[in-house]
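Chain by chain, the residues run as shown.
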Amino acid sequence: MPAVTEVEGQVRNEELDAEREARRQLALAQIRQYPDPVLRMQAPPVEEFDDDLRRLVARMGELMKDANGVGLAATQVGVLRRVFVFAPEEDQVAALVNPEIVRRSDEAETDDEGCLSIQGVTMPVERSMTVRIEGRDENGDEVGYDLEGTPARIVQHELDHLDGTLILNRTTPEARREALAALRPRLVIR
Ligand code: ZN
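A few points on the structure. These figures come from a predicted structure and were not determined experimentally.

Calculation notes
- Residues numbered from 1 in each chain as written.
- Predicted model: local features only at pLDDT ≥ 70, side-chain atom pairs only at ≥ 80, totals over all residues.
- Heavy atoms only, no water.
- Helix = DSSP H or I, 4+ residues; strand = E, 2+ residues; numbered from the N terminus.
- Buried < 20%, exposed > 50% of the residue type's maximum accessible area, 1.4 Å probe, protein only.
- Contact = heavy atoms within 4.5 Å.
- Areas by Shrake-Rupley, 256 points an atom, 1.4 Å probe, with all protein chains shown as cover.
- Lys, Arg positive; Asp, Glu negative; His and termini not counted.
- Charge placed at Lys NZ, Arg CZ, Asp CG, Glu CD.
- Expected span 1.5 Å × (residues − 1).
- Arc of directions from axis to C-beta.
- Polar contact = N/O pair within 3.5 Å; in protein donor to acceptor, adjacent residues only side chain to side chain.
- 1 Å grid on protein atoms, 1.4 Å probe; cavity = no way out; pocket = protein on both sides within 12 Å on 5 of 7 lines; lining within 4 Å.
- Points joined across faces, edges and corners; volume = space filled by probe spheres on them.
- Pairing = 2+ DSSP bridges.
- Axes fitted to C-alpha atoms, helices over the stretch in contact; angles between N-to-C directions.
- Salt bridge = Lys/Arg side-chain N within 4 Å of Asp/Glu carboxyl O.

As for the overall build of the chain
- Helix and strand counts for the chain stand at five helices and nine strands.
- Scanning the chain from its N terminus toward the C terminus, one meets helices and strands in the order β-β-α-α-β-β-β-β-β-β-β-α-α-α.
- Taken along its principal axes, the extent of the C-alpha atoms in the chain is 45 × 40 × 40 Å.
- Across the 190 residues in the chain, those meeting the buried criterion constitute 46%.
- In the chain, 68% of the contacts between residues at least 6 apart in sequence involve partners at least 24 apart.
- Just so you have it, the chain exposes about 10000 Å², and 45% of that area is on carbon and sulfur atoms.
- Averaging the coordinates of the 24 positive side-chain charges in the chain and doing the same for the 38 negative ones gives two points 6 Å apart.

Concerning helix α1 (residues 18–29)
- Taking 1.5 Å of rise per residue, twelve residues should cover 16 Å, and α1 covers 17 Å from first to last C-alpha, within 8% of that figure.
- Those residues of α1 not exposed but buried are Arg20, Ala27 and Leu28. The arc that holds the buried residues of α1, viewed along the axis, is 95°, so those residues lie on one side. Opposite the buried face of α1, at more than 90 degrees from it, the exposed residues are Ala18, Glu19, Leu26 and Ala29.
- On its buried face, α1 sits against α2 (51–66) and β7 (118–128).
- Where α1 begins, one side-chain oxygen reaches toward the backbone nitrogen of glutamate 19, 3.2 Å away; that side chain belongs to aspartate 17.

A word on the layout of surface pockets
- Computed from the structure, the second largest pocket encloses a volume of approximately 160 Å³.
- Forming the walls of the second largest pocket are Arg12, Glu14, Met64, Lys65, Asn68, Gly69, Ala87, Glu90, Asp91, Gln92 and Val93.

Regarding the sheet that holds strand β8 (residues 130–136)
- With antiparallel pairing, five strands are arranged side by side in an open sheet as β3-β4-β5-β8-β9. At either margin of the open sheet sits one strand with a lone partner, and together these are β3 (71–73) and β9 (142–148). Averaged over all adjacent pairs, the angle separating strand axes in this sheet is 40°, with direction ignored.
- In the sheet, β8 pairs with β9 via seven bridges, with the strands oriented antiparallel. Across the sheet, isoleucine 133 pairs through a bridge with tyrosine 145, a residue of β9.
- Contacting β3, β4 (83–86) and β5 (94–104), α2 crosses the sheet at an angle of about 40° to β4.
- Together, β3, β4, β5, β8 and β9 form the strand contacts of helix α3 (residues 150–162), whose direction differs from that of β4 by roughly 155°.

Structural notes on the pattern of salt bridges
- Counted under the stated rule, the structure contains 17 salt bridges.
- Residues arginine 153 and glutamate 113 are paired through a salt bridge, measuring 2.8 Å at the closest nitrogen-oxygen approach. On the criterion of sequence distance, the pair formed by arginine 153 in helix α3 and glutamate 113 in strand β6 (residues 108–115) is long-range, its members being 40 residues apart. For the pair formed by arginine 153 and glutamate 113, the shared burial category is buried.
- Residues aspartate 160 and arginine 127 are paired through a salt bridge, measuring 2.9 Å at the closest nitrogen-oxygen approach. On the criterion of sequence distance, the pair formed by aspartate 160 in helix α3 and arginine 127 in strand β7 is long-range, its members being 33 residues apart.
- By relative accessible area, which is 5% here, arginine 127 ends up buried.

Encoded structure:
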């Protein structure tokens, strides 16, 4: 029976079997969680395209897949470098280093987004419908993507992470209050 998949921002919602769920929990344990201060920090550009960077990208790709995510930024694993991985299409992983949105549509759309660093809550966020994003891959080669809809939303979310901006800063004041109220009891338990 095919699983019904619903993508909400950074998080893919679907039923997982026990083994997949265990792997997901292990991956999530390695992803920094709100209110970790590193999530608020600005990441400086990558200057060297070396094995260290390629190892980081490979690790982030694995974590993203295991966590059942569709995007993951370096700041979310505590690394302050401008790099993120994302799924341009289902089951694909691409890395963008020093990414910049060079074009975006005037048309915007509001939809619910989740975040691997703010688990268990989603909130409405307005994003440009289409974007062109350019940067380099992990080998230093120039890459560019023209994206629409969900993938466009994902890269806007990831780029925000590299500037220390979270969906909590992008949503409405009411949704932010609700999300913080839902998060608070858990923060106390931890
Ligand atoms: Zn996120």
